[in-house]
Amino acid sequence: MTARAADRTRYDRATAHLDAPVAVVDLEAFDANADDLVRRAGGKPVRVASKSVRCRALLERVLARPGFAGIMSFTLAESLWLARAGFDDVLLAYPSADRAAYAELAADPKLAAAVTVMVDDPAQLALIHAARAGGTEEIRVCLELDTSLRLLGGRVRVGALRSPLRSPAQLAELARSVVRRPGFRLVGLMAYEGHVAGVGDAVAGRPLRSRAIRLMQATARRELAVRRAEVVRAVRAVAPGLEFVNGGGTGSVQHTAAESAVTEIAAGSGLYVPRLFDNYTSFTGRPAALFAQPVVRRPGVGVVTVLGGGYPASGAAGADRLPVPYLPEGLRYDPQEGPGEVQTPLLGSPANDLLIGDKVWFRHAKAGELCERFEELRLIEGDRITATVPTYRGEGRTFL
């Protein structure tokens, strides 16, 4: 029996009393992935990206482990919710225009002490100030650096369209804007190199493309390491009390941690290890989050149909954004239908051994987005469910 077949046996046994659809997290794999992130971080604390987890119980679990400290959130409303729930170090990874939430933040000492907001434009500072509604609490601020790689004199850009701030002078100027404004305190700097951390460099069946990605990423790491250090020096000259410099992502943990200018690493997807993280040479994780759909039809030899399952992930549309049938091994989509909203035909010889009501296990393309489809996660240890915990959705929270 292969390791994957053994996992299928465990998951089927653990959920035998449950009808699918059902979502599970294998805690042994989750904890092993957490240990690997800490190992790769080389002694620097790992800040957990909540968008990749979207379950308070699992955020609490991982933050209780040595080597993890703080949350990186994705909306201001989520940040306030987490802070009220007792998480005392929440970095908002994206600028917000949520005026009502800013008013709450500025009016509550506990929230203001726990939450750090992201800015990359003086206009965002003006919006926050105008939204205070009489609140007098000091707002903690983090600046974001554009990490994209520019080639051919800037004519080619590789990397996400995020911050407009690229040079040490630009970051220092915004730092001065923050320091000059009463009611704000500059505490951090963030630089997320998504073109390194979030792009696999070992694409199956694409050796030339994989080599090109590795060359790009090596160039990007070298360029960014120099520029990030220069930016940190420039910002610290304006704000000597800077508390943290955040960088990285699941796919670049060890590389970013090697930079002396970086004080902490951000990661989250590496806890669940969705399918987009199968194509990396720098690490190998264990799939920890899966969902099962029930077999509801047997249209013919070598074919079964499961209920639903069409859960595409965000990003540019493509086959890499689709879930993949994982267990039993050997199933594939019908190319004419793919994963559907209400039914998904699956082809392959393993279909002949599946009965009506059996479970087919899938892996989602991106980590936390799976939790937008399910209200509960069943936590599995060995071949037993040891807890059932709500996702954000299960707690009535859909922040985006």
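None of these values were measured; they are calculated from a predicted model.

Visitor: So what about the packing of aromatic side chains? Which residues, and what values?
Guide: This structure, assessed with the given rule, holds 14 aromatic pairs. Between Phe74 and Tyr392, the aromatic rings sit 6.4 Å apart at their centres with planes inclined by 20 degrees, giving stacked as the arrangement. Of this pair, Phe74 sits in the loop between strand S3 (68-73) and helix H4 (76-84) while Tyr392 sits in the segment after strand S19 (384-390), placing them 318 residues apart in sequence. Assessed through its relative accessible area of 8%, Phe74 is described here as buried. Taking the relative accessible area as the measure of exposure, Tyr392 reaches 1% and is therefore buried. Connected via pairs of aromatic rings, a cluster forms that spans Phe74, Trp81, Tyr392 and Phe399. Cation over ring: Arg40 sits above Phe283, and NZ or CZ is 4.2 Å from the ring centre. The cationic tip of Arg54 hangs over the ring face of Phe74; the distance from NZ or CZ to the ring centre is 4.9 Å.

Visitor: I'd like a description of the sheet that holds strand S9 (residues 184-191), backed by residues and values.
Guide: In spatial order, the strands read S2-S3-S4-S5-S6-S9-S10-S11; together these eight strands close into a barrel with parallel pairing. The mean angle between the axes of side-by-side strands here comes to 30 degrees, regardless of whether they run parallel or antiparallel. By the bridge criterion, two bridges tie strand S4 (residues 90-92) to strand S5 (residues 115-119) in an arrangement that is parallel. What sits directly across from Val90, in S5, is Val115. Helix H2 (residues 27-41) rests against strand S2 (46-49), S3 and strand S11 (264-267) of the sheet, and its axis sits at about 100 degrees to S3. Contacting S2 and S3, helix H3 (residues 56-63) runs over the sheet at an angle of about 145 degrees to S3.

Rules used in this analysis
- Residues numbered from 1 in each chain as written.
- Predicted model: local features only at pLDDT ≥ 70, side-chain atom pairs only at ≥ 80, totals over all residues.
- Heavy atoms only, no water.
- Phe/Tyr/Trp six-rings, centres within 6.5 Å; stacked < 30°, edge-to-face > 60°.
- Helix = DSSP H or I, 4+ residues; strand = E, 2+ residues; numbered from the N terminus.
- Buried < 20%, exposed > 50% of the residue type's maximum accessible area, 1.4 Å probe, protein only.
- Lys NZ or Arg CZ within 6 Å of the ring centre and 35° of its normal.
- Pairing = 2+ DSSP bridges.
- Axes fitted to C-alpha atoms, helices over the stretch in contact; angles between N-to-C directions.
- Contact = heavy atoms within 4.5 Å.

Don't take any of this as a statement about function, it's just geometry.
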